[in-house]
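Report on the structure
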Amino acid sequence: MPLHFELVTPAKQVRSEEVHMVVVPGADGDFGVLEGHAPFMSVIRDGAVQVYRSEGAAPEEIAVRGGFAEVGDKGLTVLAEHVDG
C-alpha cells in the first residue's frame with residue numbers, strides 16, 4: 001500500500017501524493033517512513049527530503065529548511081518553514 005505524503009509551508013501546499021517511502025532529515029538523524037509507520041513527531045533540520053515514488057526507484061530530493069514532521073493515521077506530513085525550488 002502507498003504512503004500518503006504531504007509537504008506544506010506556511011504559504012502553500014507543495015506536495016500531496018501517494019509514494020512508496022520518504023526519508024526525512026530529522027533533528028536526531030534521518031528517518032524513513034513507509035505505510036503503516038508508528039505515529040510520532042520530529043523536528044526537522046535543514047537538508048533534503050528524499051521521496052521514493054516506488055520501491056527500488058531513485059529518490060527525488062526536495063531541499064527543506066526547518067520545521068516539523070508528523071506521522072499519523074493519514075500518512076506523513078512535513079511542515080517546512082521553507083522549501084527551495
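Placed above this text is the structure.
As the structure is a prediction and not an experimental result, all values here were calculated from the model.

1. Describing the pairing of strand β1 (residues 3-8)
Inspection of the sheet shows β1 paired to strand β2 (residues 13-19) by six bridges, in the antiparallel sense. Bridge assignment links Glu-6 to a residue of β2, and that residue is Ser-16. Linking two consecutive strands that pair antiparallel, namely β1 and β2, is a turn of four residues. The pairing of β1 with strand β8 (residues 75-83) spans four bridges and is classified as parallel. Each bridged residue has a counterpart across the sheet, and for Leu-7 the counterpart in β8 is Val-78.

2. Description of the pattern of salt bridges
Pairing between side chains of opposite charge can happen when their charged atoms approach one another. What the rule picks out here adds up to six salt bridges. Residue Glu-17 is joined to Arg-15 by a salt bridge in which the shortest nitrogen-to-oxygen separation is 3.1 Å. Neither Glu-17 nor Arg-15 differs from the other in exposure class; each is buried. With a closest N to O distance of 2.5 Å, Glu-17 and Arg-53 form a salt bridge. Highlighted residues: Glu-17 in strand β2 and Arg-53 in the loop between β6 (47-52) and β7 (60-72), separated in sequence by 36 residues. By relative accessible area, Glu-17 is classed as buried at 15%. Judged by relative accessible area, Arg-53 falls into the partly exposed class, the value being 44%. Connected via shared salt-bridge partners are Arg-15, Glu-17, Arg-53 and Glu-60.

Rules and cut-offs
- Residues numbered from 1 in each chain as written.
- Predicted model: local features only at pLDDT ≥ 70, side-chain atom pairs only at ≥ 80, totals over all residues.
- Heavy atoms only, no water.
- Pairing = 2+ DSSP bridges.
- Helix = DSSP H or I, 4+ residues; strand = E, 2+ residues; numbered from the N terminus.
- Salt bridge = Lys/Arg side-chain N within 4 Å of Asp/Glu carboxyl O.
- Buried < 20%, exposed > 50% of the residue type's maximum accessible area, 1.4 Å probe, protein only.

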